[in-house]
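Read off the chains here:
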Amino acid sequence: MFSALTEKLNSVLTQLRRRGALTERDLDEGLRQVRLVLLEADVHYKVVKKFIDDVKQKALGAQILESLTPGQQIVKIVRDELVQILGGTRADLHLTQWPAVILLVGLQGSGKTTMAGKLAKYLAEREQKRVLLAAADLQRPAAIEQLRQLGAKLGYPVYAQGRTPLEVAEGALQEARKSSFDVLVVDTAGRLHIDEELMSELQEMKQRLQPAETLLVVDAMTGQEAVTIAQTFDQRLKLTGIILTKLDGDARGGAALSMVTITGRPIKFVGVGEKLEDLEVFHPDRMAERILGMGDILSLIEEAEARVDAKKAEEFIKKIQRESFTLEDFREQIQQLRRMGPITKLLEKIPGMQKIEVDERALVRVEAIINSMTPEERRRPEILDAKRKRRIALGSGTHVSEVNKLLKRFDEAKKMMKQLKGKRFPQIPFGR
Amino acid sequence: MSWLQRLKDGLKKTKEQLVGQLAQVLQPGRRLDDALLAQLEEILITADVGVEATTEIVQALKARAAARGVQDSSAVMELLKEILKERLRPAEGALHLRSDGQPTVFLILGVNGSGKTTTIAKLAQHLKDDFGKRKIIFAAGDTFRAAAVEQLGIWAERVGAQLVHHKTGSDPSAVAFEAVERALREGADALFIDTAGRLHTKHNLMEELKKINRVVEKRLGRAMDERLLILDGTTGQNAISQAKLFHEAVSVTGIVVTKLDGTAKGGSILQIASALKLPIKLIGVGERADDLREFKADEFVEALL
């Protein structure tokens, strides 16, 4: 995400950085490039204008043109300014009411229903809340069924009784009170911001529910209209925040910058995949650094802590030290890695790794090969003869050559570990 | 109400905004100078036309105004329309419907939430009402998203189409294959293969699309008649990346732009038309089935400006 923008800004700023002293004309040229990049990233025209003006003001005010490292200082100013636009500090959900109602609103196809499921999972698992979902989208065919299926998958109840969206929402609130749920997440039908009737309906729903959070769900790929959309929803509903979805593609997400600038409402979460756990808290500073190619290591470590079993990681280290590392441990490592999501997504967060392509399927094949072995074979791969290898290849849908390649790699890995033994192990972040 | 009238109504919000802006800029008596051009540039960029296409359009406008000695801003509007129409006309393209008794086969593609399922329903209704295609089959190829099958099923019932579906999580190619078999066996007029929404950057999912395409082509013994990419009209510059990557995967035959009944202007189609040379086959300007219609450059520009 944002990687294309990062790339372009980087090339512009590197050019600036290479030069010794900058003139005001150099600065203008650099900023002109930044302007183009931001416009191509779908940042709204007016927001871009303000951004460039602010950066120039600061650059001139800081008298960086006379300094020895003007380029670097511009990078810092651009970065700080991006953080500022993206909302300064991170904004959490305010769920102080009981039950706390979260109202999800937005255009058709922005991803509200999926987000309802993701939020429910997040609140239940990370904040130990009892969550009730309300299916108040009576417009789109099977929208209720979709939320029901998501709820069933997660094991949370879904309230869907009522002939109108208002009835559903109010019934759900009563149910939440009666059965003492902590949070009620209300999914609503997608609507155009200019649809008078449906916008009034939302206003009334908001009036009756008095939600703790009214969140606008917006597609990260939205163009210049993001501003009008966010503005209109905000005027009608007094939003408490924005959720950006589909950020796992190549959208440069300029809409995010625009909406926050224009409405002043913070972005609270971002959707980064199709699975229900693909939800991240939005961090303006990290995002800005990511835009500038500084990577997002912090998110990566947090994710690792949430998904990797610390005990298993420790055992693994001990095994390496005892040299009792087997193919079973190898498979366990692959599974742990895969639990953290697609490898490409992990690499995106590491500076300089954004462009590396990884064949995800190679890992799947390795896992399949190990799965096709007997426990005995996994512990003592030396017993593998031609016959056994053929069976394994057949069982895993691979070739004997691939089985051989895996065994060779495993051998090499073991040798490497032997050499490492005795040396101090680098602190790995999972172990805490 | 005529089709043109409905198009105009659909694009009304878009137009009101744009015309308001243009009227401000193009006041009678005002000279065509750099400040005016800069303002036109702003308007085009905020219509999602993109920096590159905008620059080209403004350059063309400037050159043409100079060549024809246009000084007054009131003539600028006509010039602008002229240029936009010229750029969009090559992108017109009618749907390819078969008349040899074989089923017309549509593959419907797009990112999540672009409006694939709704487009299938509208298009099927359109084929029924206006082309006398009676026997229509929907293949529920979105086997990933929760209740996607049910959603298409409800539309099938409303439109009067048959539904071929497997359970969630199954191989979409298998669904498509069975649907093709059935369409051939039962002599269907049209077959719509729905697919799960996918971001164009996901390698594995794009491979899955290629597989669906291969499997269907093999069984049909020919290419599918239409592989339509559904683009959300509110999408910005990412639309170009979507068009490019979907086209690389399954060689898209046309674009359908949805949700143009809001305030979004869908300006990205200007770049898709000129850079990718992909035809814009249909645009959606409202909720009703007949709000999805053939794309006509002149009408589109007239309705817009």
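It should be emphasised that the depicted structure is a prediction, and the values quoted were computed from it without experimental measurement.

Caption draft 1: Representation of helix H11 (residues 268-276) of chain B. Taken as a whole, H11(B) has its buried residues at B:Ser268, B:Ile269, B:Leu270, B:Gln271, B:Ile272 and B:Ala273. Taken from the residues just after H11(B), B:Lys277 is the one with a positive phi, measuring 55°.

Caption draft 2: Structural context of the sheet that holds strand E8 (residues 279-281) of chain A. Residue and element names in this part refer to chain A. With mixed pairing, the 8 strands of this open sheet are ordered in space as E3-E2-E4-E1-E5-E6-E7-E8. At either end of the open sheet lies a strand with only one pairing partner, and these are strand E3 (158-159) and E8. Here helix H5 (residues 112-126) sits on the sheet and contacts strand E1 (100-105), strand E2 (131-136), strand E4 (183-188), strand E5 (213-219), strand E6 (241-245), strand E7 (267-271) and E8; the angle it forms with E1, its principal contact strand, is near 155°.

Caption draft 3: Main features of the environment of B:Ser274. Residue and element names in this part refer to chain B. When you line up the elements, Ser 274 lands in helix H11. Judged by relative accessible area, Ser 274 falls into the partly exposed class, the value being 27%. For the pair Ser 274 and Leu 88, spaced 186 residues apart in the sequence, the C-alpha separation amounts to 7.9 Å. A polar contact is formed between the side chain of Ser 274 and the backbone oxygen of Leu 270, at a distance of 3.0 Å.

Caption draft 4: The packing of aromatic side chains, seen in detail. Applying the stated criterion across every chain, the model contains 4 aromatic pairs over all chains. Taking the centre distance of 5.1 Å and the plane angle of 75° together, the rings of A:Tyr122 and A:Phe269 count as edge-to-face. Separated by 147 residues along the polypeptide, A:Tyr122 in helix H5 and A:Phe269 in strand E7 bring together distant segments of the chain. No difference in accessibility class separates A:Tyr122 from A:Phe269, as the two residues are buried. Note on B:Phe106 and B:Phe192: the rings are 4.4 Å apart at their centroids and 10° apart in plane angle, and the pair reads as stacked. With B:Phe106 in strand E1 (residues 104-109) and B:Phe192 in strand E4 (residues 190-193), this residue pair connects regions lying 86 residues apart in the sequence.

Caption draft 5: Structural detail: the pattern of salt bridges. All names here are of chain B. Going through the model one piece at a time under the given rule, you end up with 45 salt bridges over all chains. The partner of Glu 186 in a salt bridge is Arg 182, and the shortest N-O contact between them spans 3.5 Å. You can call Glu 186 partly exposed: its relative accessible area is 33%. Here Lys 296 and Glu 294 are joined by a salt bridge, their closest N and O atoms 3.0 Å apart. Judged by relative accessible area, Glu 294 falls into the partly exposed class, the value being 33%. What you see here is one network of salt bridges that share partners, running through Arg 64, Arg 68, Glu 82 and Glu 86.

What counts as what
- Residues numbered from 1 in each chain as written.
- Chains lettered and ligands numbered in written order.
- Predicted model: local features only at pLDDT ≥ 70, side-chain atom pairs only at ≥ 80, totals over all residues.
- Heavy atoms only, no water.
- Buried < 20%, exposed > 50% of the residue type's maximum accessible area, 1.4 Å probe, protein only.
- Helix = DSSP H or I, 4+ residues; strand = E, 2+ residues; numbered from the N terminus.
- Pairing = 2+ DSSP bridges.
- Contact = heavy atoms within 4.5 Å.
- Axes fitted to C-alpha atoms, helices over the stretch in contact; angles between N-to-C directions.
- Polar contact = N/O pair within 3.5 Å; in protein donor to acceptor, adjacent residues only side chain to side chain.
- Phe/Tyr/Trp six-rings, centres within 6.5 Å; stacked < 30°, edge-to-face > 60°.
- Salt bridge = Lys/Arg side-chain N within 4 Å of Asp/Glu carboxyl O.

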